[in-house]
Structure formats: structure tokens, C-alpha cells
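# Observations on the three-dimensional arrangement
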Amino acid sequence: MIPATFEYLRPTTVDAAVSVLSDAGEDAKILAGGQSLMPLLRLRLAYPDALIDLDRIGSLRGIRDDGDALHIGAMTTHDEVIHDPSVREHVPLLARAAETVADPAVRHRGTFGGSLAHADPAGDLPAVALALDAVFHVRSIRGEREIPAAEFFVDWMTSALEADEILTGVRVPKLGEGWGVRYEKFHRTAQAWAIVGVACAVRRENGTVTDARVALTNMGPAPVRATEVEQLVQGRPASGDTFRSAAEHAPSGTEPPSDLHGSPEYRTHLATVLTARALTAAAAS
Ligand code: FAD
């Protein structure tokens, strides 16, 4: 199908973008890589009066080392994230998860910020942002604000962004010494969306778990932090027994969806198995 008619705007600065967004109000949509939005327009599931393309705003692209954290511009593509040396060194979980997103064509156009703003519960990067305690930087004509990942993903395809706000970048704290990471994704075919995914980072010292982060993809309307699992492995030997018994608690507090690819019961089973697998692999890496 062909999208409904819209005005196409290409600001070159963030100031100009938030200004036109404010003028256009709820009838406008931000366009990033277009990998999710363009299909919605073509199917006429979305029909905004105006599209504000961020592609010409150079300041929204790129990765900066801020000492204890990396700042990733919203318009940085998945491919740029995957190949960035500082991401691979300091937050490798992000590179591992981004490698599993779709196919090379989508990874070259799709953006880090677009994936997060879209807030698809089956998207791989929201769970990673949650596990890594990322902080979202947001701008509007009213000013700037920061939103912790734990407050950003509100519901199914719904983020904490207001209609006049643009996600400009994300601060991702570095993991530091002693951490191993793993993103486990169960999908029907290579390049498909996650039926369930588990983002996991484990810090070990002398064979004991000293810290852990676990977050689940597609186990509810928004990504879920498996806090019970994180607490249960703390101070325990970094062994298969520890991880298997803690992983039994991974589905706690989740609301797994039912769809063509799996029932809630099937996803509950997957979450348990994948969490044990991710913890074990992370601790061994
Ligand atoms: P767009 O499509 O341009 O925008 C998406 C939404 O976010 C729109 O509502 C837009 O208004 C809003 N938005 C975008 N940027 C901003 C911003 N800076 N501030 C405020 N709002 C903003 N993703 C996965 O995680 N895993 C997969 O396995 C996967 N498989 C895919 C397979 C296919 C065939 C396709 C087409 C996509 C797939 N994706 C997958 C989605 C992909 O990661 C997209 O890149 C992503 O969802 C959206 O990013 P985008 O830059 O294309 O955003």
C-alpha cells in the first residue's frame, strides 16, 4: 500500500526539530531509520500529517566516551553500535544483542534511539538498556530531561516520551572489571524477532557471583528486570546449580503474551531455560 499524504520536514539541528515538533503537535511523527515506522505508514496503521526526519542532524549520531559511561546518539545505527570499539570493550552486551537484530539491511538503517523509542516488547535493545541501567536523554522546547530505563518503557509500544519530546541519546554506564555477558535469543529463524530473549551480565570474583543483571525480552508488554534472579545468585558460587535454581524464578512477575509463536506457558518455560543458559554462559565468558 501507499502511505497517506504527509508533510516531510528535514531539520538540521535538534533545536529546529523540537520546534517543528512542538508546532505540529500530536499530528507529527519522528522519522529515524524508518524500519518500523515506514511499514506502519504503508499499512496505514499510522497516518501522521507530518514526518520530521532526524537524518540530517549530525549531533544525534555517534558514540562518545564520557569516562564512566558511553553516550550513544539516538541516530546511531545498529551496525555502528555493533562495530564501535568502545561499545565492544565497555558494554559488550549491547553489541551482542544488536548483532541479533534482523538482518544487515535493517541494521544499517535502523537506529539505537528508534528501537528504544518504538518500545516494541519483542525488540532486543530495550531489555539490554534496562539490564545496564541506561539513562535516556530527552529534549523538547520545554527543555531537557533524563529518564532512567526502569521508567522509560511504560506499556506495549509505549514509552515515557511526551508527544513533543525527542530522544536525543542514551547514557550507558560501563560495566567495568570482572563482568561476563550474554544475550540469549530464542527465535523461529535467524533474523526473526525474539519469541523470548534474556539479557544477562554477571560479575564474578574467585568463583563467587558478586553482582548480576538480568532482563527479559517479550515476557510482557514492556521489558522486565528479573530482580529475584539477580538477588538469588548474589554471593553464591558461579555454578550451573546456582544458575538453574535461580532461573526458576525468572518468570516471576511477568505477563507473557500469547501469539502465533507461543503461548504464555511456552514463553514461561523458555524464560527459565534461557535465563539459566545466559547466566551460565555469561559467568563462563
Ligand atoms: P523508525 O522506524 O524511524 O521509528 C520507530 C518509532 O520510534 C516511530 O514511532 C518514531 O516516531 C519513533 N522514534 C524514532 N526515533 C525517535 C527519537 N529519536 N525520538 C523520539 N521518537 C523516535 N528489532 C529488534 O530489536 N529485533 C529484531 O529482531 C528486529 N527485526 C526486524 C526485522 C525487520 C524485517 C524489520 C523491518 C525491523 C526489525 N526490527 C527488529 C526493528 C528494527 O530494530 C528497527 O530499526 C527499530 O524498531 C526502529 O528503529 P528505526 O530507527 O528504524 O525507527
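Residue indices begin from 1 for each chain and proceed along its sequence in written order. It should be noted that, the model being predicted, local features are given only for residues of pLDDT at least 70 and side-chain atom pairs only at 80 or more, the latter also being counted only at that level, while totals for whole chains, interfaces and linings use all residues. Where side-chain values are given, they derive from all heavy atoms of the structure, hydrogens and water being excluded.

### Some points on the packing of aromatic side chains
Stacked, edge-to-face and tilted are the three classes for Phe, Tyr and Trp ring pairs, Trp counted by its six-membered ring, which pair at centre distances within 6.5 Å; planes under 30 degrees apart are stacked, over 60 edge-to-face, the rest tilted. For the structure shown, the criterion picks out four aromatic pairs. Note on F186 and Y266: the rings are 6.4 Å apart at their centroids and 80° apart in plane angle, and the pair reads as edge-to-face. Within this pair, whereas F186 is found in strand β11 (residues 179-186), its partner Y266 is found in helix α12 (residues 264-284), the two being separated by 80 residues in sequence. An aromatic cluster is present here, built from F136, F152 and F153 joined pairwise through their rings. Each helix is a run of DSSP H or I of at least 4 residues and each strand a run of E of at least 2, with the numbering of both proceeding from the N terminus.

### A look at the packing of helix α11 (residues 240-247) against α12
Axis angles are defined between N-to-C directions and span 0 to 180 degrees, where every axis is a line fitted to C-alpha atoms and, for a helix, only to the segment in contact. The contact between α11 and α12 brings their axes to 8 Å, and the two run at 150°. In terms of orientation, α11 and α12 fall into the roughly antiparallel class. In this structure, α11 meets α12 at a crossing whose hand is right-handed. In contact with F243, R244 and A247 of α11, α12 contributes T272, T275, A276, L279, T280 and A283. Residue polarity is assigned by list, with Asp, Glu, Lys and Arg as charged and Ala, Val, Leu, Ile, Met, Phe, Trp, Tyr, Cys and Pro as nonpolar; anything else, Gly included, falls into the polar class. Residues belonging to the contact of α11 with α12 are distributed by class as follows: five nonpolar, three polar and one charged. Angles below 35 degrees are treated as roughly parallel, those above 145 as roughly antiparallel, those between 65 and 115 as roughly perpendicular, and all remaining angles as oblique. Crossing handedness: left-handed means the near helix sits turned counterclockwise from the far one by under a right angle, and right-handed means the same turn made clockwise. Two residues form a contact once any of their heavy atoms are found within 4.5 Å.

### Structural notes on the pattern of salt bridges
Between Lys or Arg on one side and Asp or Glu on the other, a salt bridge is scored when a side-chain nitrogen of the former is within 4 Å of a carboxyl oxygen of the latter. For the structure shown, the criterion picks out 19 salt bridges. Salt-bridge contacts for R61 lead to E80; the nearest nitrogen and oxygen are separated by 3.8 Å. With R61 in the loop between β3 (50-53) and β4 (63-65) and E80 in helix α3 (residues 78-83), this pair connects stretches of sequence that are 19 residues apart. Each residue is assigned to one of three classes by its accessible area relative to the maximum for its type, calculated with a 1.4 Å probe on protein chains only: buried under 20%, partly exposed between the two thresholds, exposed over 50%. Look at R61 and you get partly exposed, because its relative accessible area is 35%. For E80, a relative accessible area of 35% translates into the label partly exposed. Linking R267 and D259 is a salt bridge whose minimum nitrogen-to-oxygen distance equals 3.0 Å. The class for R267 is buried, based on a relative accessible area of 1%. What makes D259 partly exposed here is its relative accessible area of 36%. Taken together, the shared-partner salt bridges in this structure form one network comprising D133, R213, R225 and E230.

### Some words on the UniProt feature "domain: FAD-binding PCMH-type" (unreviewed entry) in the chain
This chain's UniProt record puts "domain: FAD-binding PCMH-type" (unreviewed entry) on residues 1-177. Across residues 1-177, helical content stands at 34% and strand content at 25%; the span's end C-alpha atoms are separated by 51 Å. UniProt positions are given in the numbering used here, feature names are shortened, and annotations may be inferred rather than shown by experiment.

### Digging into the pairing of β11
Among the eight residues that make up β11, six are buried, leaving the element largely enclosed by the rest of the structure. Direction of pairing for β11 relative to strand β12 (residues 196-205): antiparallel, over a ladder of eight bridges. Its bridge partner being in β12, W179 is matched across the sheet by R203. Each pair of strands is called paired provided DSSP finds at least two bridges between the two strands.

### Quick look at the environment of E205
In this fold, E205 is placed in strand β12. Judged by relative accessible area, which is 52%, E205 ranks as exposed. Between the C-alpha atom of E205 and that of A238, which follows or precedes it by 33 residues, the distance is 9.1 Å.

### Describing the site of the ligand
Note on definitions. A residue lies near a molecule or strand when any single heavy atom of the residue is within 4 Å of it. Around the ligand there are 29 residues in total, and I30, G34, L37, T111 and D124 lie nearest to it. What qualifies as a polar contact is a pair of N or O atoms within 3.5 Å, subject to a donor-acceptor requirement within protein and to the restriction that residues adjacent in sequence count only when both atoms come from side chains. Within the side chain of T111, one N or O atom sits 2.6 Å away from an oxygen atom of the ligand. Method for areas: the Shrake-Rupley scheme with a 1.4 Å probe, in which residue coverage is limited to the protein chains shown. When the free accessible area of the ligand is taken as 970 Å², the share hidden by the protein chains comes to 89%. Going through the elements one at a time, β2 (28-31), α7 (112-118) and β10 (166-173) are the ones with two or more residues in the shell around the ligand. Tallied by class, residues from the shell around the ligand come to 15 nonpolar, 11 polar and three charged.

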